[in-house]
Amino acid sequence: NTGRSMGESGSLVSVDESKSQMSSVLQTMNHLNPIYDDEESNANKSRYTVGTYDDVFGDGDENASTVLQRSQITKEIDVFFVRQQYGYFSISVSILQFFLLTVIFASCGVAPISVNPMVGPYPDALSYWGGKNAYLVVNEYEYWRLLSPVVLHTGVLHLLGNVAIQLETGAFFEREWGSRIWLVVYLSSAMGGTLLSCVAEPDSVSVGSSGAVMGLFGAKIAEVFCRSCQVGTENNSLKHNTHIEQLSGIFCSGTIVSLFTFIPFVDWSSHLGGLMTGFSVGLLLFAFQLKNQINFAFWGLLGAGAVAFLVFSFAAAIVNVSPPEGLRDVCDFYRGDLYQDGYECTCSPEGQYFVDDYVGDDNDAGDDGNERLLI
């Protein structure tokens, strides 16, 4: 249910600024359900979506205002709340991901199924365009690669699966939280996923927005934890049912995303790192939306501690990582070690690739006594 767009036939209803009006509004919605018993009307259902979380479920403040917006009425009262009409960043990132894969195909070609079963480019192309490469991150200090893998995918099938979930559940979360919170969670989860991937699997190239998407799921779980501890609220049954439905949707979507860990050039550690980071950041962010001081202090301190633990853990682990030196030249690494036959290097600068060769004397060579030659 999460992520369905609001119906155009919905009407705008205003009520007094009093939470006590919510019960009568919900009853009115329930009485309206028989109107949509016929097939023709079912196609024009609209659901009432209530402004903010505290407007729907209450926050213990008897003066909280209630704002009703357009949405869909169903035979069972499903109430979801949004802060904005569209998921602007979700849509923009998805468009960018489609565009980049198209450009990579045009400039680097498509790898055979034996190399990339997702109908995508060669792994050296993924690295060249910004994929996770632990050697380049640790030894060449290309820290921008902590974020760039989120806009890349292994191929068409991987892209379609991730974008479908990103535009469905992910976009709804952006409408629900607001674009700023969504972007903080998305980017921090992408970075956390890449960091754990560099630590746990430093000998491979990987890409994908799966870690960031898993971070969105983690943040939603954190929000449910924070909200569930609010006391003295109204509509507890409605709140509980909404949380159960959202968690069920997260479980289903998370299961689908997790299946991508079994395909080449996608790391399970990126999913796990994104989930942990999203949950930790979510605890910290959503704690600030709690008006109960005790709840705010508890979840805020827990979230801050979790974020600090992840930061120090990643920092301590990344300095001790020793990626294989072969990843400096990804083309040679994959063609020589993994795919001896049928592997073409098509995406190095100007269609060329670098190899190391000991030539000349030490004065003519680099600091390590060798010079890189273009082949």
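Everything below is about the structure printed above this text.
A brief structural summary. In this text, all values refer to a predicted model and were calculated from it rather than measured experimentally.

1. Focus: the packing of aromatic side chains
Thought 1: Under the definition given, this model contains 12 aromatic pairs.
Thought 2: Aromatic pair Phe225 and Trp299: ring centres 6.4 Å apart, planes at 50 degrees, arrangement tilted. Here the residue Phe225 occupies a position in helix H9 (residues 210–228), and Trp299 occupies one in helix H12 (residues 293–318), the gap between them amounting to 74 residues.
Thought 3: Counting every residue linked through ring pairs, the aromatic cluster contains Phe225, Phe279, Phe298 and Trp299.

2. Points about H9
Thought 1: A rise of 1.5 Å per residue sets the reference length of H9, with its 19 residues, at 27 Å; its end C-alpha atoms lie 27 Å apart and thus fit the reference within 8%.
Thought 2: For H9, the tally of buried residues reaches 16 of 19 residues, placing the bulk of the element in the interior.

3. As for the pattern of salt bridges
Thought 1: Applying the stated criterion across every chain yields a total of six salt bridges.
Thought 2: Arg145 serves as the salt-bridge partner of Glu142, at 2.6 Å between the closest nitrogen and oxygen.
Thought 3: The exposure class of Arg145 is buried, given its relative accessible area of 5%.
Thought 4: Close ionic contact of Glu176 with Lys220 constitutes a salt bridge, the shortest N to O distance being 3.0 Å.

4. Thoughts on the environment of Ile318
Thought 1: Among the structural elements, Ile318 can be located in helix H12.
Thought 2: Counting along the chain gives 119 residues from Ile318 to Val199, while the straight-line C-alpha distance between them is 5.9 Å.
Thought 3: With residues near it in sequence (within four places) discarded, Ile318 still touches Val138, Leu195, Cys198 and Val199.

5. With respect to the packing of helix H8 (residues 179–200) against H9
Thought 1: Running from amino to carboxyl end, H8 crosses H9 at an angle of 125 degrees, the nearest separation of the two axes being 8 Å. The angle between the axes of H8 and H9 places the two elements in the oblique class. Relative to H9, H8 is oriented so that their crossing is right-handed. On H9, the residues that touch Trp182, Val185, Tyr186, Ser189 and Ala190 of H8 are Gly211, Ala212, Gly215, Leu216 and Ala219.
Thought 2: Classifying every residue of the contact of H8 with H9 by side-chain character gives seven nonpolar, three polar and no charged.

What counts and what doesn't
Residues numbered from 1 in each chain as written. Predicted model: local features only at pLDDT ≥ 70, side-chain atom pairs only at ≥ 80, totals over all residues. Heavy atoms only, no water. Phe/Tyr/Trp six-rings, centres within 6.5 Å; stacked < 30°, edge-to-face > 60°. Helix = DSSP H or I, 4+ residues; strand = E, 2+ residues; numbered from the N terminus. Expected span 1.5 Å × (residues − 1). Buried < 20%, exposed > 50% of the residue type's maximum accessible area, 1.4 Å probe, protein only. Salt bridge = Lys/Arg side-chain N within 4 Å of Asp/Glu carboxyl O. Contact = heavy atoms within 4.5 Å. Axes fitted to C-alpha atoms, helices over the stretch in contact; angles between N-to-C directions. Parallel < 35°, antiparallel > 145°, perpendicular 65-115°, else oblique. Left-handed = near helix turned anticlockwise from the far one by under 90°. Nonpolar A, V, L, I, M, F, W, Y, C, P; charged D, E, K, R; others polar.

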